[in-house]
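Here is how the chains run, residue by residue.
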Amino acid sequence: MINIVGLFDGMSCGQLALQRLGITDYRYFAVEVDKYAIQVTQRGFPDTTQLGDITNLRRSDLPPVVDVLWGGSPCQGFSFAGKQ
């Protein structure tokens, strides 16, 4: 089993990609603050561990080994919901 951490995880599109590739043997840790994105993630991927705000993230919040670390840049500046 691999441990994956998604930074600025949004609605967890990384997990959608894993699902489409047929990859199922992983534990997923999401770093996200938007409550609606978190709701979408938890509905589709209920085993996701939500870690909250990246500015409050501590090493002790993560598993001992992180096999994959990925993330998207915060998109508020490009989003219709943000400042555009």
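The paragraphs below set out a description of the structure included in this document. (Residues numbered from 1 in each chain as written. Predicted model: local features only at pLDDT ≥ 70, side-chain atom pairs only at ≥ 80, totals over all residues. Heavy atoms only, no water.)

1. What to know about the side chain of T41
No. 1: Position of T41 relative to the elements: it lies in helix 2 (residues 35-44).
No. 2: Assessed through its relative accessible area of 1%, T41 is described here as buried. (Helix = DSSP H or I, 4+ residues; strand = E, 2+ residues; numbered from the N terminus. Buried < 20%, exposed > 50% of the residue type's maximum accessible area, 1.4 Å probe, protein only.)

2. Considerations on the packing of aromatic side chains
No. 1: All chains considered together, the criterion is met by two aromatic pairs.
No. 2: Where Y26 meets Y28, the ring centres are 6.3 Å apart and the plane angle is 75°; that geometry is what we call edge-to-face.
No. 3: Classification of Y26 by relative accessible area gives buried; the value is 16%.
No. 4: Take Y28: its relative accessible area is 3%, and that puts it in the buried class.
No. 5: Between Y28 and W70, the aromatic rings sit 6.3 Å apart at their centres with planes inclined by 50°, giving tilted as the arrangement. Taken together, the residues span a long stretch of sequence, with Y28 in strand 2 (residues 26-31) and W70 in strand 4 (residues 68-71) at a distance of 42 residues.
No. 6: According to the relative accessible area criterion, W70 is partly exposed, its value standing at 30%.
No. 7: In this structure an aromatic cluster arises from ring pairing among Y26, Y28 and W70. (Phe/Tyr/Trp six-rings, centres within 6.5 Å; stacked < 30°, edge-to-face > 60°.)

By themselves, these figures tell us nothing about what the structure is for.
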